[in-house]
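For reference, the chains in residue letters:
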Amino acid sequence: MDSATRDEWSDPIALARLAAEGLLELTRENWVGEGLDATRQIRNRRPDSPLMLAVTEPALDPDPFQASLGLAAVLSVLNDQSWANDIGIDISEARTVGVLSLHHESLWALESAALLGATGAVLVTDRRAVARGLGYLRLAVKLADPALADVLLLPGLARDSATMWTFRRFAAVSWRATGRVVPVIHPGARLSPMNRKVFRPPAGVYAIELP
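Starting afresh in each chain, residues are numbered from 1 along the sequence in its written order. Note on the predicted model: pLDDT of at least 70 is required for a residue's local features to be given, and 80 or more for side-chain atom pairs to be given and counted; whole-chain, interface and lining totals, by contrast, use all residues. The side-chain numbers reported here are obtained from all heavy atoms of the structure, hydrogens and water having been left aside.

K.L.:
I'd like a description of helix H5 (residues 82-90), backed by residues and values.
P.N.:
Taken residue by residue, H5 has Trp-83, Ala-84, Ile-87 and Gly-88 as its buried positions. Buried residues of H5 fall within an arc of 145° about the axis and therefore sit on the same side. For H5, the exposed residues set more than 90 degrees away from the buried face come down to Asp-86 and Ile-89. Packed against the buried residues of H5 are helix H6 (104-115) and strand S7 (180-184). The buried label goes to any residue with under 20% of its type's maximum accessible area, the exposed label to any with over 50%, and the partly exposed label to all in between, with areas taken from a 1.4 Å probe on protein chains only. Helix numbering and strand numbering both begin at the N terminus, where a helix is a DSSP run of H or I of at least 4 residues and a strand a DSSP run of E of at least 2. Directions are taken from the helix axis to each C-beta atom, and the arc is the one they span. In this analysis, two residues are considered to be in contact whenever any of their non-hydrogen atoms come within 4.5 Å of each other.

K.L.:
Give me the lowdown on the sheet that holds strand S4 (residues 151-155), citing residues and values where you can.
P.N.:
Taken together, the five strands give an open sheet; going across it, the order is S3-S2-S1-S4-S7, and neighbouring strands pair in parallel fashion. At either end of the open sheet lies a strand with only one pairing partner, and these are strand S3 (141-143) and S7. Sheet twist, expressed as the average angle between the axes of neighbouring strands with direction ignored, equals 30°. Relative to S4, strand S1 (residues 96-99) runs parallel, the two being bridged by three bridges. When the sheet's bridge partners are listed, Val-99 is paired in S4 with Leu-153. With axes taken as lines fitted to C-alpha atoms, and helix axes fitted only over the stretch in contact, angles between N-to-C directions fall between 0 and 180 degrees. Across the sheet, H6 touches S1, strand S2 (122-125), S4 and S7, and the angle it forms with S4 is around 145°. At least two bridges found by DSSP between two strands is the condition for calling them paired.

K.L.:
Residues and numbers for the sheet that holds strand S8 (residues 205-209), please.
P.N.:
Sheet strands line up and pair through hydrogen bonds in the backbone, either parallel or antiparallel. Pairing is antiparallel in the open sheet, where three strands are placed in the order S5-S6-S8. Each edge of the sheet is formed by a strand with only one pairing partner; in this case those strands are strand S5 (158-159) and S8. In this structure, strand S6 (residues 163-167) lies alongside S8, joined through five bridges in antiparallel fashion. Looking at the pairing, Met-164 lines up with Ile-208 of S8. Helix H8 (residues 168-175) contacts S6 and S8 of the sheet and is inclined by roughly 115° relative to S6.

K.L.:
Tell me about the pattern of salt bridges, residues and numbers included.
P.N.:
Salt bridges are identified by distance alone: a Lys or Arg side-chain nitrogen within 4 Å of an Asp or Glu carboxyl oxygen. Using the criterion set out here, one finds eight salt bridges in the structure. Note that Arg-169 is salt-bridged to Asp-126, the shortest N-O span being 3.6 Å. Residue Arg-169 is located in helix H8, and its partner Asp-126 is located in the loop between S2 and helix H7 (128-133); the two are separated by 43 residues in the primary sequence. Notably, a salt bridge pairs Arg-196 with Asp-160, separated by 3.7 Å at the nearest N-O pair.

K.L.:
I'd like a rundown of the packing of aromatic side chains, residues and numbers included.
P.N.:
The way to describe two aromatic rings as a pair is by their centre distance and the angle between their planes. By convention, a stacked pair of Phe, Tyr or Trp rings (six-membered ring in the case of Trp) has centres within 6.5 Å and planes under 30 degrees apart, an edge-to-face pair has planes over 60 apart, and any other such pair is tilted. For the coordinates displayed, the defined rule picks out four aromatic pairs. Both rings, one in Trp-83 and one in Trp-108, keep their centres 6.2 Å apart while their planes meet at 70°; by these two values the pair is edge-to-face. With Trp-83 in helix H5 and Trp-108 in helix H6, this residue pair connects regions lying 25 residues apart in the sequence. As far as the burial class goes, Trp-83 and Trp-108 line up, both buried. Ring centres of Phe-167 and Phe-170 lie 5.6 Å apart, and the angle between their planes is 85°; on these two criteria the pair is classed as edge-to-face.

K.L.:
I'd love a proper account of unusual backbone geometry, names of residues and values included.
P.N.:
The backbone of Arg-138 sits at a positive phi, close to 60°, despite the residue not being glycine. Here Arg-138 lies in the loop between H7 and S3. A relative accessible area of 78% places Arg-138 in the exposed class.

K.L.:
Residues and numbers for the environment of Ala-189, please.
P.N.:
Mapped onto the fold, Ala-189 is located in the loop between S7 and helix H9 (193-198). C-alpha of Ala-189 to C-alpha of Ala-54: the two residues are 135 residues apart in sequence and 7.0 Å apart in space. If we ignore the near neighbours within four places in the chain, the residues touching Ala-189 are Pro-50, Leu-51, Leu-157, Ala-158 and Arg-159.

K.L.:
I'd love a proper account of helix H2 (residues 31-45), names of residues and values included.
P.N.:
Side chains three or four residues apart in an α-helix point the same way, a direct result of the helix having 3.6 residues per turn. A helix is expected to span 1.5 Å multiplied by its residue count minus one. An ideal rise of 1.5 Å per residue puts 21 Å on 15 residues; H2 measures up with 20 Å between its terminal C-alpha atoms. Those residues of H2 that sit buried are Trp-31, Gly-35, Leu-36, Thr-39 and Arg-43. The buried residues of H2 occupy one face: seen down the axis, they fall within an arc of 95°. Set apart from the buried face of H2 by more than 90 degrees, the exposed residues are Asn-44 and Arg-45. At its buried positions, H2 is contacted by helix H1 (11-26), helix H3 (50-56), helix H4 (64-79) and H9.

This is how it looks when you write it as structure tokens:
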């Protein structure tokens, strides 16, 4: 199973949440020393993670109170899935939905549509492992070219105002898409100007223009 098929970019959400909670706890203790040092270490070690960069940006504030406000705001974004509900409703009328991986944000959108009874779409994927993983949704799953679906869910690692970062294979499928391409990117992964400068995409991930 290739790295894009394995669901390896849901863990960064949980890790980012843990990092934010840990830094928030440090704002109540030795912030100027331990807290700021931990923040800088995370940014130095994880320039490949837009969510970690989002968590640590407000934590660069030397004022522990201001840092705590920023961290609480980031945690709120990390815990909010309402944006996925909006995507689920948006794709609910599609007869077929192309699914490229077991990317948790994509699953959240599909869950929203399915659990609300808003879709009876056939899910289309070209990966057997993905097809097996989609079974819990209780929707029909078809092994075929996802580029030919009415809607293609395009998982993204990060984005800015005009660009998204995704796996090369995903991008290649999106370029062949005959239907609508819907980017699925966690809102917390939107890069600020500061984080855009330090962001270093992982191997196999590169930038494309947003559909």
